[in-house]
Amino acid sequence: MSNSFNIEELQRYYNDTEECLYCHKFKADAVHHCISRGKKYTNSILNATMLCNHSCHLPFHGEHMKRENQEKFIRQNIERLYNEGYRINQLDLNFLAYHGLTDLIKDFYENR
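Every chain is numbered on its own, with residues counted from 1 as its sequence reads. Owing to the predicted nature of the model, reporting of local features is limited to residues with pLDDT of at least 70; listing and counting of side-chain atom pairs is limited to 80 or more, with chain, interface and lining totals taken over all residues. Side-chain metrics rest on all non-hydrogen atoms present in the structure, leaving aside hydrogens and water.

Turning our eyes to something else, we now look at the state of the cysteines. Structurally, a disulfide amounts to a covalent bond that connects the sulfur atoms of two cysteines. Throughout, a disulfide means two cysteine sulfur atoms within 2.5 Å of one another. According to the stated counting rule, one finds zero disulfides in the structure shown. You can see Cys52 has no disulfide; the closest cysteine sulfur is in Cys20, sitting 3.8 Å from it. When accessible area is computed with a 1.4 Å probe and restricted to protein chains, residues below 20% of their type maximum are described as buried, those above 50% as exposed, and intermediate ones as partly exposed. By relative accessible area, Cys52 is classed as buried at 3%. Left unpaired, Cys56 is separated from the closest cysteine sulfur, that of Cys23, by 3.7 Å.

Here it is as structure tokens:
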């Protein structure tokens, strides 16, 4: 299935990652959007979440759409991507601002 993420970024930062951000088992097999695509700036890599498609994504999709879980996944993405050497860009800042998530990045950098 295609998605709206930058393929080169996904391959660079997610290629060797197989940990599901929901169950934390190393069997993730698909990249999904934390916040549904079609909304503004959702192609930010901060919005990309590795999940086990059939055991963690599909059965719990409604649960993942709750704001608290979206924030949890994005917070985990910020931490993991930072540890991989990723640096926040303008698209990421637009994504966070548009979706009211700027506190996530602010808190992350303040607690470093």
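The angle between two axes is taken between their N-to-C directions and runs from 0 to 180 degrees, where each axis is a line fitted to C-alpha atoms and a helix contributes only its stretch in contact. Secondary structure elements are defined from DSSP: runs of H or I of at least 4 residues count as helices, runs of E of at least 2 residues count as strands, and each element is numbered from the N terminus. One can describe the packing of helix 4 (residues 67-83) onto helix 6 (residues 102-110) by two numbers: an axis separation of 10 Å at closest approach and a directional angle of 45 degrees. In terms of their interaxial angle, helix 4 and helix 6 are classed as oblique. By crossing handedness, the relation of helix 4 to helix 6 is classed as right-handed. Of the residues in helix 6, those in contact with Glu71, Ile74, Arg75, Ile78, Glu79 and Tyr82 of helix 4 are Leu104, Ile105, Phe108 and Tyr109. Tallied by class, residues from the contact of helix 4 with helix 6 come to seven nonpolar, no polar and three charged. Here roughly perpendicular refers to angles of 65 to 115 degrees, roughly parallel to angles under 35, roughly antiparallel to angles over 145, and oblique to all remaining angles. Crossing handedness is defined as follows: a turn of the near helix away from the far one that is anticlockwise and smaller than a right angle gives a left-handed crossing, while the clockwise case is right-handed. Should any heavy atoms of two residues lie within 4.5 Å, those residues are counted as being in contact. Side-chain classes follow a simple rule in which Ala, Val, Leu, Ile, Met, Phe, Trp, Tyr, Cys and Pro form the nonpolar group, Asp, Glu, Lys and Arg form the charged group, and the remainder, Gly included, forms the polar group.

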